[in-house]
Amino acid sequence: MEAIRISKAAPEDVGLLQQIGTQTFFEAFAQVNTESDMKQYLEATFNEEKILAELHNPESAFFIVWDGASPIGYLKLNTGKAQTDLKETDSLEIERIYVLGAYHGKKVGQLLYEKALEVAQLQHKSSIWLGVWENNHKAIRFYEKNGFVTFSTHMFRLGEDDQLDLLMRKILSPH
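Just so it is clear, the structure is predicted and the values come from calculations on it, not from any experiment.

Think of an α-helix as 3.6 residues a turn; residues three or four steps apart then line up on the same face. When helix α5 (residues 137–145) is considered as a whole, its buried residues turn out to be A139, I140 and Y143. Angular distribution of buried residues about the axis of α5 spans 100°; they occupy a single face of the element. Along α5, exposed side chains directed more than 90 degrees from the buried face belong to K138, R141 and K145. Residues of α5 that are buried in the fold lie against β4 (91–99), β5 (127–133) and β7 (161–171).

Structure below.
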């Protein structure tokens, strides 16, 4: 690995975000979902129009992680009304930490999480929360290791399949 760095994404990065999002989601979940459900979800979630709208939303932020000149993952954060569930003014949502499979186990996800923590602290948020699929045990352990606790659940629709996500939160210490 060359020097790992994180940069804020801009609208011109839409193609990179589409490619990374599609590839990482497929790598993580294609084996445990039907082909039609995956195709439907990937097309709905990572199309150019939707990603561009998210990039232009002032309450969302994307950060791309790079290994030298190669994009290897990204982070998507939401505040305010951009949050998928809670819409709390004093919380930050981590909607996505996506890292290419070849970089799993190399602390790239941890770097992206630390970026989210930095943003939450700069914005004086009292907590960070996220949703994670109940069967994604590796991700659940990662978040628990970083101080997140499950506080609720919600349904996540992948294609035609309703799946249960755990909602997890980390309370941040006051500054």
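So that's the structure; there's more coming.
What the seven strands build is an open sheet, ordered β1-β2-β3-β4-β5-β7-β6; its pairing is mixed. A strand with exactly one partner marks an edge of an open sheet, and here the two such strands are β1 (4–8) and β6 (149–158). The average angle at which neighbouring strand axes cross in this sheet is 30°, direction not considered. Note that strand β3 (residues 70–78) and β4 share six bridges and pair antiparallel. Its bridge partner being in β4, L75 is matched across the sheet by I97. Contacting β4, β6 and β7, helix α2 (residues 35–45) runs over the sheet at an angle of about 100° to β6. The strands touched by helix α4 (residues 108–122) are β1, β2 (60–67), β3, β4, β5 and β7; relative to β4, the strand with the most contacts, the crossing angle is about 160°.

All right, on to the packing of aromatic side chains then. Here the structure, examined in full by the defined rule, presents 14 aromatic pairs. With 5.5 Å between their ring centres and 70° between their planes, Y143 and F148 make a pair best called edge-to-face. Among the aromatic residues, ring-to-ring pairing joins F25, F29, Y41, F46, F62, Y74, Y98, W133 and F156 into one connected group. R169 extends its terminal NZ or CZ atom over the ring of F151, reaching a point 4.7 Å from the ring centre.

Parameters and conventions
- Residues numbered from 1 in each chain as written.
- Predicted model: local features only at pLDDT ≥ 70, side-chain atom pairs only at ≥ 80, totals over all residues.
- Heavy atoms only, no water.
- Buried < 20%, exposed > 50% of the residue type's maximum accessible area, 1.4 Å probe, protein only.
- Helix = DSSP H or I, 4+ residues; strand = E, 2+ residues; numbered from the N terminus.
- Arc of directions from axis to C-beta.
- Contact = heavy atoms within 4.5 Å.
- Pairing = 2+ DSSP bridges.
- Axes fitted to C-alpha atoms, helices over the stretch in contact; angles between N-to-C directions.
- Phe/Tyr/Trp six-rings, centres within 6.5 Å; stacked < 30°, edge-to-face > 60°.
- Lys NZ or Arg CZ within 6 Å of the ring centre and 35° of its normal.

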